[in-house]
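Residue-level structural notes
This is what each chain is made of:
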Amino acid sequence: MLDHIFLSVSNIERSIRFYEAALTPLGITARLDYDGKDGPPGHPDLKGFGANGRMFFWLREGVVEGRAVHVGFVASSQAEVDAAYTAALHQGAVDNGPPGARLHYDPDYYAANVLDPDGYSLEFVYKKWQHVQ
């Protein structure tokens, strides 16, 4: 299991607005700003996002290579997938696959795909079998 990921973005304020809007429907609402001067020399400022007491998704200003990264975010329902997709589009994302079943993976794999403002591939995904109690 991953603990965290850093994503370099070209415009930190734009990206904060984008991810606050796109991740809120998924329950990722915690935010933390880390001042790089509190770390070792050269440590970047970080803008964190998380939920349930964990910060796991971080932005830093830097060199962007959008094609190099695909990030899948867990949704708790198909409705959350739809809401995150819509919010992302309203914040400037480019459609990369509308909400729907991804039958090539599994009939119960429901997802939506977008490209964020820097061209990173994002997937909002609900896998029914991951939520069976």
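Cut-offs and rules
- Residues numbered from 1 in each chain as written.
- Predicted model: local features only at pLDDT ≥ 70, side-chain atom pairs only at ≥ 80, totals over all residues.
- Heavy atoms only, no water.
- Core = buried A, V, L, I, M, F, W, Y, C linked by side-chain atoms within 4.5 Å.
- Buried < 20%, exposed > 50% of the residue type's maximum accessible area, 1.4 Å probe, protein only.
- Helix = DSSP H or I, 4+ residues; strand = E, 2+ residues; numbered from the N terminus.
- Contact = heavy atoms within 4.5 Å.
- Expected span 1.5 Å × (residues − 1).
- Arc of directions from axis to C-beta.
- UniProt positions renumbered as here; feature names shortened; annotations may be inferred.
- 1 Å grid on protein atoms, 1.4 Å probe; cavity = no way out; pocket = protein on both sides within 12 Å on 5 of 7 lines; lining within 4 Å.
- Points joined across faces, edges and corners; volume = space filled by probe spheres on them.
- Nonpolar A, V, L, I, M, F, W, Y, C, P; charged D, E, K, R; others polar.

**A short note on the nonpolar core**
Ranked by internal contacts, the top residues of the largest apolar core, which has 28 residues, are Tyr-19, Leu-23, Leu-26, Phe-57, Leu-59, Phe-73 and Phe-124. Those elements that place two or more of their residues in this core are β1 (5-9), α1 (12-23), β4 (54-61), β5 (70-74), α2 (78-90), β8 (109-115) and β9 (121-127). Take this core: its biggest share by element is 6 residues, from α1. In this view, Phe-57 contacts Ile-5, Leu-7, Tyr-19, Leu-23, Lys-47, Gly-48, Phe-49, Val-71 and Phe-73; residues no more than four positions away in its chain are not counted.

**What about α2?**
Between its terminal C-alpha atoms α2 stretches 19 Å, which fits the 18 Å expected from 13 residues at 1.5 Å a residue. Within α2, burial applies to Glu-80, Val-81, Ala-84, Tyr-85, Ala-87 and Ala-88. Looking straight down α2, one finds its buried side chains confined to an arc of 165°; they lie on one side. For α2, exposure combined with an orientation more than 90 degrees from the buried face picks out Ala-79 and His-90. Contacts made by the buried residues of α2 are with α1, β6 (94-95), β8 and β9. Looking at the residues trailing α2, positive phi occurs at Gly-92, about 105°.

**Overview of the UniProt feature "domain: VOC" (unreviewed entry) in the protein**
Within this numbering scheme, the UniProt entry marks residues 1-127 as carrying the feature "domain: VOC" (unreviewed entry). In residues 1-127, helix accounts for 20% and strand for 37%; the two terminal C-alpha atoms are 17 Å from one another.

**Some words on the layout of surface pockets**
Empty space within the largest pocket amounts to approximately 560 Å³. In this structure, the largest pocket is lined by 19 residues; those nearest its centre are Arg-54, Phe-56, Gly-72, Phe-73 and Val-74. Breaking the lining of the largest pocket down by element, the ones donating at least two residues are β4 and β5. Element by element, the count of residues in the lining of the largest pocket is highest for β5, at 4 residues. A breakdown of the residues in the lining of the largest pocket according to their chemical character gives 11 nonpolar, 6 polar and 2 charged.

**Details of the side chain of Ser-15**
With respect to the element layout, Ser-15 can be found in helix α1. We classify Ser-15 as buried; its relative accessible area is 1%. Non-local contacts of Ser-15, meaning those with residues more than four positions away in its chain, are made with Val-9, Leu-59 and Asp-118.

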